Amino acid sequence: MALQRRLLQFINITKPCQKLCGVQSYSAQAASQSDNEEKRKTHFGFETVDEDEKTKKVHQVFETVADKYDTMNDMMSFGVHRVWKDIFMMRFAPTPGTKLLDMAGGTGDITFRYINYLRNQANPDTEKRSSVTVSDINQSMLNVGKARAEKQGYLKNSPVDVDWLCADAEQLPLPDECYNAYTIAFGIRNCTHIDKVLEEAYRVLQPGGRFMCLEFSQLPNSTMQWLYDQYSFQMIPVMGQLVAGQWKPYQYLVESIRQFPDQEKFKLMIEEAGFRQVTYENLTFGVCAIHSGFKL
Ligand SMILES: C[S@@+](CC[C@H](N)C(=O)[O-])C[C@H]1O[C@@H](n2cnc3c(N)ncnc32)[C@H](O)[C@@H]1O
């Protein structure tokens, strides 16, 4: 603090002289501007873009793919994403009375598994109602989710109250400590600031609450990673073009997977946000991983 004060004093003292010379203000401003610019850059797949631009581009990706999202998931993963999501729900193992925020919930895959899990309890505790807020930054994805929920009967005689919220995971319009569980599946790598998402998750969880994330990850074995890269870079954009008539969103998908921190780095980030007892489990050799942590 003392050092910071000294620096500020120094800047204030030197400002008038520099104004007189008419030189510094330009170079200092330029330096701080370029600092800011550097800070505001991020990646969108393998492209370097302004942070604001990334948010818009990601929004555009999911706006474009919303209608074909579920079909494409089945095709690209040969249906394996369903197994990953089932395992994710088994590890989560919600109990009656759970208040879940399913962030980046998209078309509802995690929410529907959550409802099924609670429905299929051997001794359902009818006294304790559970709830879920399905939240996503993209209204089109939520609309597909709502239509599926209606069509597939998830809202009728459900042990779970469901509500839908269009919101940014980095800035949630929600009070502190209002949920006891938070899930995010295949969503966090699309967010511009992972640390802000984790901070917000921590803020909205009650003490004792659980954070769970399912996300693509890195394969520890380089031969397997090479094979996986061949498949994803050569096949997925082609499938996107053939099935959904879109190449770019699927090119982004594979690139964004490569940019996401590996299992250990992500674990550290979750711990830095304040979560404790952070663990992870690899699925399909590390193609994706489940991270879990608690707010104590
Ligand atoms: C790959 S989908 C995952 C959907 C769903 N969870 C699933 O597993 O099928 C990623 C979702 O993240 C959402 N998303 C991206 N950035 C977001 C943000 N900053 N806040 C909330 N949702 C975001 C997208 O709109 C999209 O619906």
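Quick summary incoming for the structure in this document.

About the thresholds
- Residues numbered from 1 in each chain as written.
- Predicted model: local features only at pLDDT ≥ 70, side-chain atom pairs only at ≥ 80, totals over all residues.
- Heavy atoms only, no water.
- Near = heavy atom within 4 Å.
- Polar contact = N/O pair within 3.5 Å; in protein donor to acceptor, adjacent residues only side chain to side chain.
- Areas by Shrake-Rupley, 256 points an atom, 1.4 Å probe, with all protein chains shown as cover.
- Nonpolar A, V, L, I, M, F, W, Y, C, P; charged D, E, K, R; others polar.
- Core = buried A, V, L, I, M, F, W, Y, C linked by side-chain atoms within 4.5 Å.
- Buried < 20%, exposed > 50% of the residue type's maximum accessible area, 1.4 Å probe, protein only.
- Contact = heavy atoms within 4.5 Å.
- Helix = DSSP H or I, 4+ residues; strand = E, 2+ residues; numbered from the N terminus.
- Salt bridge = Lys/Arg side-chain N within 4 Å of Asp/Glu carboxyl O.

1. Focus on the site of the ligand
Then step 1. Close to the ligand lie 20 residues; A104, D136, D168, A169 and A185 are nearest.
Then step 2. Between an oxygen atom of the ligand and a side-chain N or O atom of K85, the distance comes to 3.1 Å.
Then step 3. Measuring from a nitrogen atom of the ligand, one finds a backbone N or O atom of A185 at 2.9 Å.
Then step 4. Within the complex, the protein chains bury 98% of what would otherwise be the 600 Å² of accessible surface of the ligand.
Then step 5. Within the shell around the ligand, the residues separate by chemical class into twelve nonpolar, five polar and three charged.

2. Comments concerning the nonpolar core
Then step 1. If you look at the biggest cluster of nonpolar residues, it comprises 49 residues, and the most contacted ones within it are W84, Y114, L214, F216 and Y250.
Then step 2. Aside from chain neighbours lying at most four places away, what touches F216 is W84, F186, R189, Y228, I257, F260, V287 and C288.

3. Considerations on the environment of M141
Then step 1. Within the secondary structure layout, M141 lies in helix α7 (residues 139–151).
Then step 2. A residue is classified by how much of its surface remains accessible, and M141, at 3% relative accessible area, is buried.
Then step 3. Between the alpha carbons of M141 and F62 there is a distance of 7.0 Å; along the sequence they are 79 residues apart.
Then step 4. Each residue touching M141, except ones within four places of it in the same chain, is listed here: F62, A66, Y69, G106, T107 and D136.

4. A short note on the side chain of T111
Then step 1. You can see T111 is positioned in helix α6 (residues 109–119).
Then step 2. Not counting residues up to four positions away in its chain, the partners in contact with T111 are D102, V132 and V134.

5. Side note on the pattern of salt bridges
Then step 1. Summed over the entire model, instances satisfying the criterion amount to 15 salt bridges.
Then step 2. With a shortest N-O distance of 2.8 Å, R129 and D161 are connected by a salt bridge. Highlighted residues: R129 in the loop between α6 and β4 (130–136) and D161 in strand β5 (residues 160–166), separated in sequence by 32 residues.
Then step 3. Among the residues examined, R129 registers a relative accessible area of 45% and is labelled partly exposed.

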